[in-house]
2 protein chains.
Amino acid sequence: MNWNDKFSLDAKAIQASEIRELLKILEDPSILSFAGGIPDPALFPMEEVARIRDRLEQNSAINRQSMQYSQTEGYQPLRNWVAKKFSEPNLGLTADNILITNGAQQSLTLLASAFIDAGTPIGVANPTYLGALQVFGTRRPNYISIETDEHGLIVESVKQAFEAGIKLLYTIPDFQNPGGMTIPEDRRVQIIKLAHEFDVIILEDTAYRELYYDIAPPPSFLTLESQYISANQWHNKGLVIQLGTASKTLMPALRVGWTIAPRVILDKLVLLKQANDLHSSTLNQIITYELSANLLEDHIEKLRSVYGKRRDALVDALHQYLPNCASFNQPKGGMFVWLTLPETLDARVLLEKALSVEKIAFVPGAAFFANGGGENTLRLSFTTCNEEDIRDGMRRLSSLIQQEFLQLAP
Amino acid sequence: MNWNDKFSLDAKAIQASEIRELLKILEDPSILSFAGGIPDPALFPMEEVARIRDRLEQNSAINRQSMQYSQTEGYQPLRNWVAKKFSEPNLGLTADNILITNGAQQSLTLLASAFIDAGTPIGVANPTYLGALQVFGTRRPNYISIETDEHGLIVESVKQAFEAGIKLLYTIPDFQNPGGMTIPEDRRVQIIKLAHEFDVIILEDTAYRELYYDIAPPPSFLTLESQYISANQWHNKGLVIQLGTASKTLMPALRVGWTIAPRVILDKLVLLKQANDLHSSTLNQIITYELSANLLEDHIEKLRSVYGKRRDALVDALHQYLPNCASFNQPKGGMFVWLTLPETLDARVLLEKALSVEKIAFVPGAAFFANGGGENTLRLSFTTCNEEDIRDGMRRLSSLIQQEFLQLAP
């Protein structure tokens, strides 16, 4: 039977990720991986999780309730915490503006379902988060790529996309995945003004925002919009919807994220979430709330210290070893360094050699481009390796790049 | 701003559930509720969960890994367990046929995305699970309703739907939600033959299958199909996709379910799941696996004993008190009794009176009908109330029905 004939148009449009297949080799523990955009499990606050579970088990009623069906919107104390944390004098968030989801990925799923029809023009950065392209791709949008430089989205390119009629713009303004760029405040303000001129929704993904290693990033799009439009008018006129997650600051397998949106949007997202999977794991929401309320700031300080040193180690090693034919950015936070190879090199070919010869992994950049390109780019993550491995890995990778470049030179 | 103009066609088609609004009153603890299709939290195996957590915390590496990103397909031991449990001599399931999801609801989400385009004709029982109508509804299918009697799907009505060109049939063959009916083996076999004649996919939802209080239900559609087609040909020719869940036998907020499908389908569902939310909570999958491997059968025996007595109490009370103008089924398992009022009564009006006068809740039946009808039907759940409350509640509800009937009599 040809099952492929039976799939929906949306499902037919989805293809297996070539990268995903390549990176299955990562289960081999002898590989030194700079591939995954994942936190270091050695830093997970497991002792505090154990204490939260102990406390929960001492209260039989709440403990049992944590395993029962619960409301789609999410665990009320967590919604209150998110509302309070991200509220602003001009914004006035309440729990009614907060939906708890299974990580930012499910927020994207619900938002894609809420706003994207087949053919809907949407704007994404070149490059952008692969997982966003995957989920938007299940709705078959018309991608309009927006160019970036070392400061993220280029305003003129954003304006062109708005003029081309995009309905929404997806952006990761802080320490972007995969490029590491941070959009400066003046660009953010210009993009908000243009969004209101052209009536374009902005989906602001803040996954990496708290992970800064030098200075805090500029105010978020959400905060800046609340200042741009009249006080408390975001609830009626706001175009910025903000996505957050506990995956990078706490632990990914909690599968807890949130969406902050004006009430009319949020009510629709709740209906979509209810249809999607009824509600998120109550236990994981309780753990997320307790961790957030009690130790988040101290924990993030620790992450900044450890990841910051690893960022320095990777950047320093590239300064020292990377041949002149290649270049890279210097991110002020997040998890990623973006590397540009000479145009003659294909990062996918380089990955195959890096895996087989050096047992080093990274992610080739092409998959982060909605409309093709980027074959000579790659993403390096610095969060899971120690500094010695980072220096050693970058030395060997740099040497491989140099060899490959010389071999292909005319 | 009129946000409603901005929603996608799919999102515009979703409306808030009137029932959901009515039932928000359930948070009032003075209400005696026969509404929710939910297990009794007093029966949750919390002590065993605590032991599993203790063991997990003693193994630091696995404990940390339980909070890290993990593979989309699911926790391997759980996939192996599902494959082994549901395999058959003619079927030969392996973990490659199993995808772990956030409960059966997310399985439905992924299957709807895989097979339904706007306007795709799909077959659903009259009545059927409201949550399935909600998730299919987000894809805007063309619902073809299939009539039922006390034995579930009527084969002639199924055949008419197949002749009308439906692409898939969604069915809960055992102790159906909401009707309580169980499809006999001969009907199942006839439906499988017809499905192969007309090339129609069968989505078999087994949520209540293990909760039998008299005798075990007939073999599943999956088992019967594996006998109907040549041995081990399900992998190439199978039309039955089976959905299972731990929500009814263990605990809902684990949010763990699974889909069993031929490999080509499963691979597509994995891509859709990856786009949807990357993966399900690892911790909850570990807990589900440990509970399933170690205590599931004993635990289900306990549920059968407790829920069986409650089923008996509800059926006995209705035999004793329900006026002749109304009728009900006698389910052999599951969670629900289906009640048919005289045609002059509207169950939504009755619910308002039951809530305000008697502080009793149930679910009006109309929401379970894809294409309208059923206004004089309602669903009673017997799993969360004790036997005394059940008898008292049915006595008062019966009395209210009698009063309402007499008031409206000509």
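Predicted model only: the values in this text are computed from it and were never measured.

Q: Explanation requested: the overall build of chain A in the structure shown.
A: Helix and strand counts for chain A stand at 16 helices and 14 strands. Whereas a compact globule of 410 residues would reach a radius of gyration of roughly 22 Å, chain A reaches 22 Å, a difference of no more than 12%. Once the C-alpha set of chain A is aligned to its principal axes, its extents read approximately 65 × 55 × 55 Å. Taken across its 410 residues, chain A has 53% of its residues classed as buried. Across chain A, every contact between residues at least 6 apart in sequence was considered, and the portion connecting residues at least 24 apart equals 74%.

Q: For this particular structure, what's the right way to read the domain arrangement of chain A?
A: Interface size, as often reported, equals the accessible area lost upon joining of the parts. Residue and element names in this part refer to chain A. Splitting chain A by domain gives domain 1 (11–45 + 298–408) and domain 2 (68–294). Of note, the centres of domain 1 and domain 2, computed from C-alpha atoms alone, are 26 Å apart. Taken residue by residue, the interface counts 30 residues in domain 1 and 32 residues in domain 2. No other element matches the six residues that helix 14 (residues 296–321) contributes to the side of domain 1 that touches domain 2. Considered class by class, the residues forming the side of domain 1 that touches domain 2 number 18 nonpolar, eight polar and four charged.

Q: It is not clear to me how the interface of chain B and chain A should be interpreted in this structure. Could you clarify?
A: Counting residues at the interface gives 61 residues for chain B, matched by 61 residues for chain A. Contributing elements (two or more residues each) for the side of chain B that touches chain A: helix 1 (9–12), helix 3 (46–57), helix 4 (60–65), helix 6 (103–115), helix 7 (130–137), helix 11 (234–237), helix 12 (263–277) and helix 13 (282–294) of chain B. No other element matches the nine residues that helix 12 of chain B contributes to the side of chain B that touches chain A. For the side of chain B that touches chain A, the residue count by class is 30 nonpolar, 21 polar and 10 charged.

Q: I'm lost on helix 8 (residues 155–163) of chain A in this one. Help?
A: Helical geometry note: an α-helix holds 3.6 residues per turn, so side chains three or four residues apart project in the same direction. Residues and elements named next belong to chain A. Of all the residues in helix 8, the buried ones are Val158, Ala161 and Phe162. Projected onto a plane normal to the axis of helix 8, the buried residues spread over an arc of 100 degrees and lie on a single side. Along helix 8, exposed side chains directed more than 90 degrees from the buried face belong to Glu156 and Glu163. The secondary structure elements touched by the buried residues of helix 8 are strand 3 (121–126), strand 4 (142–149), strand 5 (152–153), strand 6 (168–171) and helix 9 (185–198). Gly165 sits one or two positions beyond helix 8 and adopts a positive phi of about 95 degrees.

Q: Explanation requested: the sheet that holds strand 2 (residues 98–101) of chain A in the structure shown.
A: Hydrogen bonding along the main chain pairs the strands of a sheet, whether they run parallel or antiparallel. Residues and elements named next belong to chain A. Reading across the sheet, the eight strands line up as 2-9-8-7-6-3-4-5 and stay open at both edges, with mixed pairing between neighbours. Sheet topology places strand 2 and strand 5 at the edges, where each strand pairs with a single neighbour. Pairing of strand 4 with strand 5 involves two bridges; the strand directions are antiparallel. When the bridges of strand 5 are listed, Asp149 appears paired with Gly152. Packing against the sheet, helix 12 (residues 263–277) makes contact with strand 2, strand 8 (240–245) and strand 9 (257–260), and its axis sits at approximately 25 degrees to strand 2.

Q: It is not clear to me how the packing of helix 3 of chain B against helix 13 of chain B should be interpreted in this structure. Could you clarify?
A: Describing two packed helices takes the angle between their axes plus the distance from one axis to the other. Residues and elements named next belong to chain B. With their axes 10 Å apart at the nearest point, helix 3 and helix 13 run at an angle of 115 degrees to one another. Considering how the two elements wind past one another, helix 3 and helix 13 form a crossing that is right-handed. The residues of helix 13 that touch helix 3, namely those facing Glu48, Val49, Ile52 and Leu56, are Ile286, Ile287, Glu290 and Leu291. Class assignment of the residues belonging to the contact of helix 3 with helix 13 gives a composition of six nonpolar, no polar and two charged.

Q: Explanation requested: helix 9 (residues 185–198) of chain B in the structure shown.
A: Residue and element names in this part refer to chain B. Between its first and last C-alpha, helix 9 extends 20 Å over 14 residues, near the 20 Å set by a 1.5 Å rise per residue. Taken as a whole, helix 9 has its buried residues at Arg188, Ile191, Ile192 and Ala195. Take helix 9 and look down its axis: the buried residues cluster within an arc of 100 degrees, on one side only. Of the exposed residues in helix 9, the ones pointing more than 90 degrees away from its buried face are Asp186 and Glu197. Where the residues of helix 9 are buried, they touch strand 5 (152–153), helix 8 (155–163), strand 7 (201–205) and helix 10 (221–228). Two residues or fewer after helix 9 comes Asp199, characterised by a positive phi angle close to 60 degrees.

Q: Help me understand the relation of the copies chain B and chain A, please; the structure alone is not making it clear to me.
A: Between chain B and chain A, which share one sequence, the superposing operator has a rotation angle of 180 degrees and an axial displacement of 0.0 Å; the RMSD is 0.0 Å. The transformation just described matches what one would write down for a two-fold rotation axis. The C-alpha atom lying nearest the rotation axis in chain B is that of Ser281 of chain B; the distance is 4.0 Å. By residue overlap, the copies meet face to face through one surface: 100% of the interface positions of chain B are interface positions in chain A.

Q: Looking at this model, I keep getting lost on the sheet that holds strand 11 (residues 336–340) of chain A. Mind explaining?
A: Residues and elements named next belong to chain A. The four strands lie next to each other as 10-11-14-13, forming an open sheet whose pairing is antiparallel. The open sheet has two edge strands with one neighbour each: strand 10 (327–328) and strand 13 (363–364). As defined by bridge partners, strand 11 adjoins strand 14 (residues 377–381) across five bridges and the pair is classed as antiparallel. The partner of Val337 across the bridge, within strand 14, is Leu380.

Q: Could you clarify how one ought to interpret the pairing of strand 4 (residues 142–149) of chain B in this entry?
A: For a regular strand, the rule is simple: side chains alternate between the two faces of the sheet. All names here are of chain B. One ladder, built from six bridges, connects strand 3 (residues 121–126) with strand 4; its direction is parallel. Within strand 4, the residue paired with Val124 across the bridge is Ser145. Between strand 4 and the antiparallel strand that follows it, strand 5, lie two residues.

Q: Before we go on, may I ask you to explain the packing of helix 6 (residues 103–115) of chain A against helix 12 of chain A in this structure?
A: Residue and element names in this part refer to chain A. For the pair helix 6 and helix 12, the least separation of the axes is 10 Å and the interaxial angle reads 115 degrees. Overall, the two elements helix 6 and helix 12 adopt an arrangement that is roughly perpendicular. Crossing angle aside, the handedness with which helix 6 passes helix 12 is right-handed. Facing helix 6, whose interface residues are Leu110, Ser113 and Ala114, helix 12 presents Lys268, Leu269, Leu272, Lys273 and Asn276.

Q: Please explain the environment of Ala313 of chain A as it appears in this structure.
A: Residue and element names in this part refer to chain A. Along the chain, Ala313 falls in helix 14. Exposure remark for Ala313: the 20 C-beta atoms within 10 Å place this residue in the buried category. Expressed as a C-alpha distance, the spacing of Ala313 and Glu185, which sit 128 residues apart in the sequence, is 28 Å.

Q: Would you take a moment to explain unusual backbone geometry for this structure?
A: Trans is the prevailing form of peptide bonds, just as negative phi is the prevailing case for residues other than glycine. A cis amide bond, omega 0 degrees, links Asn126 of chain A with the succeeding residue Pro127 of chain A. In this structure, the amide linkage connecting Asn177 of chain B to the following residue, Pro178 of chain B, adopts the cis form with an omega of 15 degrees. Position of Pro178 of chain B among the secondary structure elements: in the loop between strand 6 (168–171) and helix 9.

Q: Would you mind going over the environment of Tyr75 of chain B with me for this structure?
A: Residues and elements named next belong to chain B. Mapped onto the elements, Tyr75 comes out in the loop between helix 4 and helix 5 (76–86). Spatially, the C-alpha atom of Tyr75 lies 36 Å from that of Leu9, the residues being 66 residues apart in sequence. Sequence-distant contacts of Tyr75, defined by excluding residues within four places in its chain, comprise Ile100, Thr282, Gln285, Ile286 and Tyr289.

Rules and cut-offs
- Residues numbered from 1 in each chain as written.
- Chains lettered and ligands numbered in written order.
- Predicted model: local features only at pLDDT ≥ 70, side-chain atom pairs only at ≥ 80, totals over all residues.
- Helix = DSSP H or I, 4+ residues; strand = E, 2+ residues; numbered from the N terminus.
- Rg over C-alpha atoms; globule rule 2.2 N^0.38 Å.
- Buried ≥ 20, exposed ≤ 12 C-beta atoms within 10 Å, placed from the backbone.
- Contact = placed C-beta atoms within 7 Å.
- Domains from an automatic or database assignment.
- Nonpolar A, V, L, I, M, F, W, Y, C, P; charged D, E, K, R; others polar.
- Arc of directions from axis to C-beta.
- Pairing = 2+ DSSP bridges.
- Axes fitted to C-alpha atoms, helices over the stretch in contact; angles between N-to-C directions.
- Left-handed = near helix turned anticlockwise from the far one by under 90°.
- Expected span 1.5 Å × (residues − 1).
- Least-squares fit on C-alpha atoms with pLDDT ≥ 70 in both.
- Parallel < 35°, antiparallel > 145°, perpendicular 65-115°, else oblique.

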